[in-house]
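Letter by letter, the chains look like this.
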Amino acid sequence: MTVPRAHVERLEDGTEVKLGVFLSNTKTRRAKLTSDKLAALAALGLEWAVAPA
């Protein structure tokens, strides 16, 4: 999945989430993430969160 850094998701309640920034920052800091968080991100389809075999 590729999400541009500037992408903003607008939720039904009007809240805006800067998804692109979140994903970019999370990918940059993935070495500090717990295995549970990496597994959750991998389950969502983020290929960079999958542990190398």
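Here goes a summary of the coordinates provided. Starting afresh in each chain, residues are numbered from 1 along the sequence in its written order. Residue-level local features of this predicted model are given only where pLDDT is at least 70; pairs of side-chain atoms are given and counted only at 80 or more, and the full residue set underlies all totals for whole chains, interfaces and linings. Side-chain numbers come from the whole structure's heavy atoms, not from hydrogens or water.

1. Some points on the overall build of the protein
- The secondary structure content of the protein amounts to two helices and two strands.
- Helices (α) and strands (β) of the protein occur, in sequence order from the N terminus, as β-β-α-α.
- Its C-alpha atoms give the protein principal-axis dimensions of roughly 40 × 20 × 20 Å.
- For the protein, the residues scored as buried account for 13% of the 53 residues in total.
- Sequence-distant contacts in the protein: of pairs separated by 6 or more residues, those separated by 24 or more amount to 11%.
- Areas reported here follow the Shrake-Rupley algorithm with a probe of radius 1.4 Å; residue values treat only the protein chains shown as occluding. For the protein, the exposed surface amounts to about 4,400 Å²; the carbon and sulfur share of it is 56%.
- Counted as positive: Lys and Arg. Counted as negative: Asp and Glu, with His and the chain ends omitted from the count. Where a charge lies is defined by one atom per residue type: Lys uses NZ, Arg uses CZ, Asp uses CG and Glu uses CD. The average position of the 8 basic charges and that of the 6 acidic charges among the side chains of the protein differ by 13 Å. Only runs of H or I of at least four residues qualify as helices and only runs of E of at least two qualify as strands under DSSP, and these elements are numbered from the N terminus. Working definition: with a 1.4 Å probe on protein chains only, accessible area under 20% of the residue-type maximum means buried, over 50% means exposed, and in between means partly exposed. We call two residues in contact whenever any of their non-hydrogen atoms come within 4.5 Å of each other.

2. A look at the pattern of salt bridges
- The salt bridge definition used is simple: a Lys or Arg side-chain nitrogen within 4 Å of an Asp or Glu carboxyl oxygen. The full count for this structure, using the stated rule, is one salt bridge.
- The residue E16 makes a salt bridge to R10 at a minimum N-O spacing of 3.1 Å. R10 shares its class with E16; the two are exposed.

Any functional reading would require information that these geometric values do not contain.
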